[in-house]
Structures are given as C-alpha cells and as structure tokens.
Amino acid sequence: MALHSAVKGKLISVIGDEDTCVGFLLGGVGEINKNRHPNFMVVDKNTAVSEIEDCFKRFIKRDDIDIILINQNIAEIIRHVVDSHNSPIPAILEIPSKDHPYDSSKDSILRRAKGMFNPDEMN
Amino acid sequence: MNEHTENIDNICATLDKLTIDSLILMQEEIELKLIAENAMIGGETHLAKSRYILGQNNVSSIQLPTENSPEFRALTTIDLSIDEFGLHQFSLESKKPDNENYINPIKWFGYLTPQNLSFAQNLYRQALQWIIQAANIQCKLKETCKQINQLKQIKYIINKENK
C-alpha cells in the first residue's frame with residue numbers, strides 16, 4: 001500500500017498508574033522537552049480529577065504528541081473529556097492496568113461503534 | 001421507482017459489508033489489547049521482582065525524571081503516515097541510546113540493575129508494538145463508522161424524497 005506522507009518522531013504520551021508509567025517509560029517513550037514539559041503523568045489515589053483533566057487537555061493540544069495511552073480506570077474518571085475528543089490525532093488508546101483488566105464495554109471508541117448496531121439506528 | 005429501489009439496495013449492500021468490517025475490526029482491536037495486556041502483566045511481574053531485589057522505593061515513580069531533570073529525548077517515537085485512502089497509520093521507531101540526548105531509561109534505576117528490569121523493559125516494548133497495531137485498527141474502525149453514518153444519512157434522505 002502506497003503511503004502518501006509521513007511525519008517522523010512524534011511522541012507517545014502516558015497517563016497512568018505508577019507501574020504503567022514506570023513500565024512504558026522504561027520502554028523508552030518518556031521525554032522532557034526544551035520547555036521542561038514531560039509527556040507522562042503518574043496518577044495515584046491523591047491526584048485530583050481536575051489535574052488529570054488538565055493534563056489530558058494539555059496533551060491533546062500538544063502537536064508533538066500523536067498517541068495518548070491512558071489507563072482505562074483513569075479514562076473512566078474523565079470519561080466526558082475522553083468522549084468529547086473526536087479528531088483522529090492524537091489517537092487515544094485505553095489500556096488496562098495492574099488492578100483493572102481491559103473491559104471492551106467501557107472503551108470509548110468501541111462503545112461508539114457498538115452503538116451503531118442499535119436496531120433503531122439500522123433503519 | 002426502480003432506480004430508487006436499486007439505489008437503496010446498493011446502499012444496504014454496502015452498509016452490510018461495512019458493518020461486518022467494523023465487527024471484524026472491533027474483534028481485532030480487542031484481541032490486540034488483550035495480547036498487550038498479557039505483555040504488560042509480564043512486565044509488572046518483573047517490576048515486582050526488581051522491587052524485591054532493589055527495595056520498594058527503588059523501582060517507583062520517584063526514579064522517573066521530573067520537570068527539573070535535564071532535557072532528554074524519547075528513545076521510542078512514532079512515525080505517522082497517511083495511506084492512499086487517507087487513513088492514519090502509525091509505526092514505531094526506536095533509537096539507540098547515546099548517553100547524551102538519548103538515555104537508556106534503565107539507568108534511572110542505578111548502574112547495577114537486576115536482569116528482571118531488562119526483562120520488564122523488553123516486555124513493555126513488546127506491549128508497545130501491540131498497542132501501536134491496536135491504534136492502527138482503531139483508526140480504521142473510526143473511519144468505517146464514519147462511512148456507515150454517512151451512508152445511513154444518504155439512505156434516510158433518499159427514503160424521505162421518495163415517500
């Protein structure tokens with residue numbers, strides 16, 4: 001398949017619990033840029049919802065980030081913000097965490113896709 | 001009237017195909033995320049073993065760089081390309097550490113790290129590969145859903161005009 005254009009060197013950002021952030025940063029996705037802005041956020045039980053929301057919105061606005069990985073249980077907390085993001089870039093991927101296995105019924109994109117199979121919608 | 005029926009039949013046939021496509025894509029995305037989950041569980045186990053060897057607080061978010069840390073670049077980045085159908089496709093690109101701009105993250109945890117930390121690193125890298133594939137499938141799924149919605153609207157308009 002012919003690829004028409006390519007943009008190189010974009011970042012993957014992570015919003016997750018300690019193990020998710022330590023793991024993926026160990027995998028090499030972490031970066032501190034010239035403005036001293038990290039591309040990750042460790043969320044613990046003391047993190048305020050507003051902080052998570054602000055961080056998520058900041059990552060969406062950054063043009064050097066193409067994928068946002070977010071633990072599904074954290075995405076649940078800021079579901080209204082996650083659901084309101086419609087553009088393809090950055091792509092938001094809900095990933096499982098240590099204490100919360102992956103549940104496809106909670107996934108924003110899959111829920112939207114499943115919603116299309118509503119019998120009323122098919123007519 | 002015949003032309004109208006033919007148009008509706010064509011739209012319905014395309015809708016059927018797209019619906020099956022979207023179901024297949026949903027299945028693929030779920031499977032990829034479950035494979036990534038398995039790799040992450042393996043990584044978490046090795047992180048736990050490393051904590052047992054190095055101490056609870058020596059493999060934690062305390063070792064991660066903060067806003068006050070020196071600037072460094074990501075070893076793993078993504079290349080974004082757009083294929084002939086206008087779909088976004090991601091691919092992973094890894095750089096080799098040079099100890100200046102590109103630092104091996106394992107060094108944040110000390111210079112004599114247990115082998116388990118390297119195993120965890122490899123497993124999280126594998127998880128990233130699966131997650132990028134899931135991201136590509138998610139892009140296709142979004143596009144398919146968009147096409148289904150557009151066709152439904154066309155079908156609605158045609159039906160309305162011919163009532």
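This text goes with the structure placed above it.
Residues numbered from 1 in each chain as written. Chains lettered and ligands numbered in written order. Predicted model: local features only at pLDDT ≥ 70, side-chain atom pairs only at ≥ 80, totals over all residues. Heavy atoms only, no water.

Asker: How would you summarise the pattern of salt bridges if you had to cite specific residues and measurements?
Answerer: For side chains of opposite charge, pairing can occur when their charged atoms come near one another. All names here are of chain A. Overall, the coordinates contain 10 salt bridges over all chains when judged by the stated rule. In this structure, the salt-bridge partner of Arg79 is Glu94, at a minimum N-O distance of 2.7 Å. Residue Arg79 is located in helix H4 (residues 79-83), and its partner Glu94 is located in strand S4 (residues 91-95); the two are separated by 15 residues in the primary sequence. Grouping residues by exposure puts Arg79 and Glu94 together as buried. (Salt bridge = Lys/Arg side-chain N within 4 Å of Asp/Glu carboxyl O. Helix = DSSP H or I, 4+ residues; strand = E, 2+ residues; numbered from the N terminus. Buried < 20%, exposed > 50% of the residue type's maximum accessible area, 1.4 Å probe, protein only.)

Asker: If you had to explain the packing of aromatic side chains to someone new, which residues and values would you point to?
Answerer: Evaluation of the coordinates by the stated rule reveals two aromatic pairs over all chains. Ring geometry for A:Phe24 against B:Tyr124: centres 5.2 Å apart, planes inclined by 75°, an arrangement best described as edge-to-face. With A:Phe24 in helix H1 (residues 18-26) and B:Tyr124 in helix H2 (residues 115-161), this pair bridges two chains. Aromatic side chains B:Phe72 and B:Trp108 sit 5.6 Å apart centroid to centroid with 70° between the ring planes, which places their arrangement in the edge-to-face category. One end of the pair, B:Phe72, is in the loop between helix H1 (2-54) and strand S1 (76-83); the other, B:Trp108, is in the loop between strand S2 (88-94) and H2, with 36 residues separating them in the sequence. (Phe/Tyr/Trp six-rings, centres within 6.5 Å; stacked < 30°, edge-to-face > 60°.)

Asker: Now, about the pairing of S2(B): what can you tell me, with residues and values included?
Answerer: All names here are of chain B. Here S1 runs beside S2; their pairing, made up of seven bridges, is antiparallel. Along S2, the bridge assignment pairs Thr77 with Glu93. In this antiparallel pair of consecutive strands, S1 and S2, the connection spans four residues, and Gly86 shows a positive phi of 80°. (Pairing = 2+ DSSP bridges.)

Asker: Can you explain the interface of chain B and chain A? Please cite residues and give values.
Answerer: Contacts between the two partners involve 64 residues from chain B and, on the opposite side, 61 residues from chain A. Interface area for chain B against chain A, summed over the two sides, is near 5400 Å², with a carbon-plus-sulfur share of 67%. Ranking the residues of chain B by area buried against chain A places B:Lys33, B:Ile78 and B:Lys142 at the top, with a combined share of 11%. For the pair chain B and chain A, the number of links is three salt bridges. As a salt-bridge pair, A:Asp107 and B:Lys33 come within 2.8 Å of each other at their nearest N and O atoms. Scanning the region where chain B abuts chain A turns up 16 residue pairs in polar contact (both at pLDDT 80 or more). When residues of the side of chain B that touches chain A are traced back to their parent elements, those giving at least two are H1, S1, S2 and H2 of chain B. (Contact = heavy atoms within 4.5 Å. Buried area = accessible area lost by both parts, 1.4 Å probe. Polar contact = N/O pair within 3.5 Å; in protein donor to acceptor, adjacent residues only side chain to side chain.)

Asker: So, the environment of B:Ile62: which residues are in play, and what are the values?
Answerer: Looking at where B:Ile62 falls in the secondary structure, it is placed in the loop between H1 and S1. Note on B:Ile62: relative accessible area 60%, which makes it exposed.

Asker: Pulling in residues and values, what's your account of the packing of H1(A) against H1(B)?
Answerer: Remark: H1(A) packs on H1(B), axes separated minimally by 10 Å, with the N-to-C direction vectors making an angle of 95°. Compared by their axis directions, H1(A) and H1(B) come out roughly perpendicular. Counting all contacts with H1(A), which are made through A:Glu18, A:Asp19, A:Thr20, A:Val22, A:Gly23, A:Phe24 and A:Leu26, the residues of H1(B) involved are B:Met40, B:Glu44, B:Leu47 and B:Arg51. Of the residues in the contact of H1(A) with H1(B), the class split is five nonpolar, two polar and four charged. (Axes fitted to C-alpha atoms, helices over the stretch in contact; angles between N-to-C directions. Parallel < 35°, antiparallel > 145°, perpendicular 65-115°, else oblique. Nonpolar A, V, L, I, M, F, W, Y, C, P; charged D, E, K, R; others polar.)

Asker: Account for unusual backbone geometry, with residues named and values stated.
Answerer: Note on backbone geometry: most residues besides glycine have negative phi, and most peptide bonds are trans. All names here are of chain A. Cis geometry is adopted by the peptide bond preceding Pro90, which originates at Ile89 and carries an omega value of -5°. Structurally, Pro90 can be placed in the loop between H4 and S4. For Arg36, which is not a glycine, the phi torsion comes out positive at approximately 65°. Relative to the helices and strands, Arg36 is located in the loop between H1 and strand S2 (40-42). Overall, Arg36 belongs to the partly exposed group, its relative accessible area being 36%.

Asker: Residue-level account of the environment of B:Leu25, with values.
Answerer: Residues and elements named next belong to chain B. Locating Leu25 in the fold gives a position in helix H1. Assessed through its relative accessible area of 11%, Leu25 is described here as buried. Leu25 sits 115 residues away from Lys140 along the chain, and the two C-alpha atoms are 7.6 Å apart. Not counting the four nearest positions on each side in its chain, Leu25 is found in contact with Ile137, Lys140, Leu141 and Thr144.

Asker: Give me the nonpolar core: which residues, what numbers.
Answerer: The biggest cluster of nonpolar side chains holds 57 residues, and the ones touching the most others in it are A:Phe24, A:Ile67, A:Leu69 and B:Phe90. Counting residues per element, the ones that place at least two in this core are strand S1 (3-16), H1, strand S3 (65-71), S4 and helix H5 (108-115) of chain A together with H1, S1 and H2 of chain B. Among the elements that line this core, the one with the most residues is H2(B), at 16 residues. Beyond its immediate sequence surroundings of up to four residues, A:Leu69 is in contact with A:Ile12, A:Ser13, A:Val14, A:Ile15, A:Phe24, A:Leu93, A:Ile95, B:Leu128 and B:Ile131. (Core = buried A, V, L, I, M, F, W, Y, C linked by side-chain atoms within 4.5 Å.)

Worth remembering: the numbers are spatial, not functional.
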